[in-house]
Each structure stands twice: as C-alpha cells, then as structure tokens.
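So the chains spell out like this:
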Amino acid sequence: MKPGIHPAYGPVVFRDRAGGFAFLTRSTLAATTTATVTWEDGGTYPVVDVEISSASHPFYTGTARVLDTAGRVERFQRRYGSGRGPA
C-alpha cells in the first residue's frame, strides 16, 4: 500500500439511537467524529450515531408488514380484466 493516501483505520463505536444498541468495531469513520464514549472495557472510543441498525430495523426485529400481493393481483384483474385486448 502507498503510504499517506489511505484514511486512518481504528476502533469506533456505532450507536443506534432508536434501538439503544451499540457495537465496537474498526472503521475509517473514526477520524470523522469528535464525540467519544467510554466502552465496556473501560477504553474511550469515537462514537458514530446511526439512524437505524439491525437492532431497530423492522426486517430484523420481525415487525415488518407482509403485503397482500395476491389480493392486489386479484383486485387488478377484476378491475382491468385479463389484459388481453382485441387483436
């Protein structure tokens, strides 16, 4: 790797504000934030607040709504017919 062209790569905490969930990982985003947090191991790390993560996303939490596609198709066919017009 060429020296001096890559961003700093270090530990950073990603915190989901909606879900109250946080995890420690390594990222290049550590240099873009000035906020810090004290982690479970006693170390102080930069923190990045995210809008949504697997802890609060409806798909991962099981609260996603299932769309009634069969009913929509039937309603479309009743309204507009089979779709075959005069030849």
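Look a little higher up for the structure.
Rules of the game
Residues numbered from 1 in each chain as written. Predicted model: local features only at pLDDT ≥ 70, side-chain atom pairs only at ≥ 80, totals over all residues. Heavy atoms only, no water. Salt bridge = Lys/Arg side-chain N within 4 Å of Asp/Glu carboxyl O. Helix = DSSP H or I, 4+ residues; strand = E, 2+ residues; numbered from the N terminus. Buried < 20%, exposed > 50% of the residue type's maximum accessible area, 1.4 Å probe, protein only. Pairing = 2+ DSSP bridges. Axes fitted to C-alpha atoms, helices over the stretch in contact; angles between N-to-C directions. Phe/Tyr/Trp six-rings, centres within 6.5 Å; stacked < 30°, edge-to-face > 60°.

A. Here's a closer look at the pattern of salt bridges. As enumerated under the stated definition, the model contains two salt bridges in all. Residue Asp49 is joined to Arg17 by a salt bridge in which the shortest nitrogen-to-oxygen separation is 3.5 Å. Taken together, the positions of Asp49 in strand β4 (residues 44-50) and Arg17 in the loop between β1 (10-16) and β2 (21-27) put the pair 32 residues apart, joining distant regions of the chain. With a relative accessible area of 38%, Asp49 lands in the partly exposed category. Given the relative accessible area of 56%, Arg17 is considered exposed. Several salt bridges converge on common partners, so that one network encompasses Arg15, Arg17 and Asp49.

B. Examining the sheet that holds β4 more closely. Strand order in the open sheet formed by four strands is β2-β1-β4-β3, and the pairing between neighbours is mixed. Since the sheet does not close on itself, it has two edges, and those belong to β2 and β3 (36-38), each with one partner. On average, adjacent strands in this sheet sit at an angle of 45° to one another, irrespective of strand direction. Where β3 meets β4, three bridges bridge the pair, whose relative direction is antiparallel. Following the sheet pairing, Val37 is matched in β4 by Tyr45.

C. Summary view of the packing of aromatic side chains. Under the definition given, this model contains three aromatic pairs. Measuring from ring centre to ring centre gives 6.0 Å for Phe21 and Phe23, while their planes differ by 40°; the resulting arrangement is tilted. The class for Phe23 is partly exposed, based on a relative accessible area of 36%. Aromatic ring contacts, followed pair by pair, group Phe14, Phe21 and Phe23 into a single cluster.

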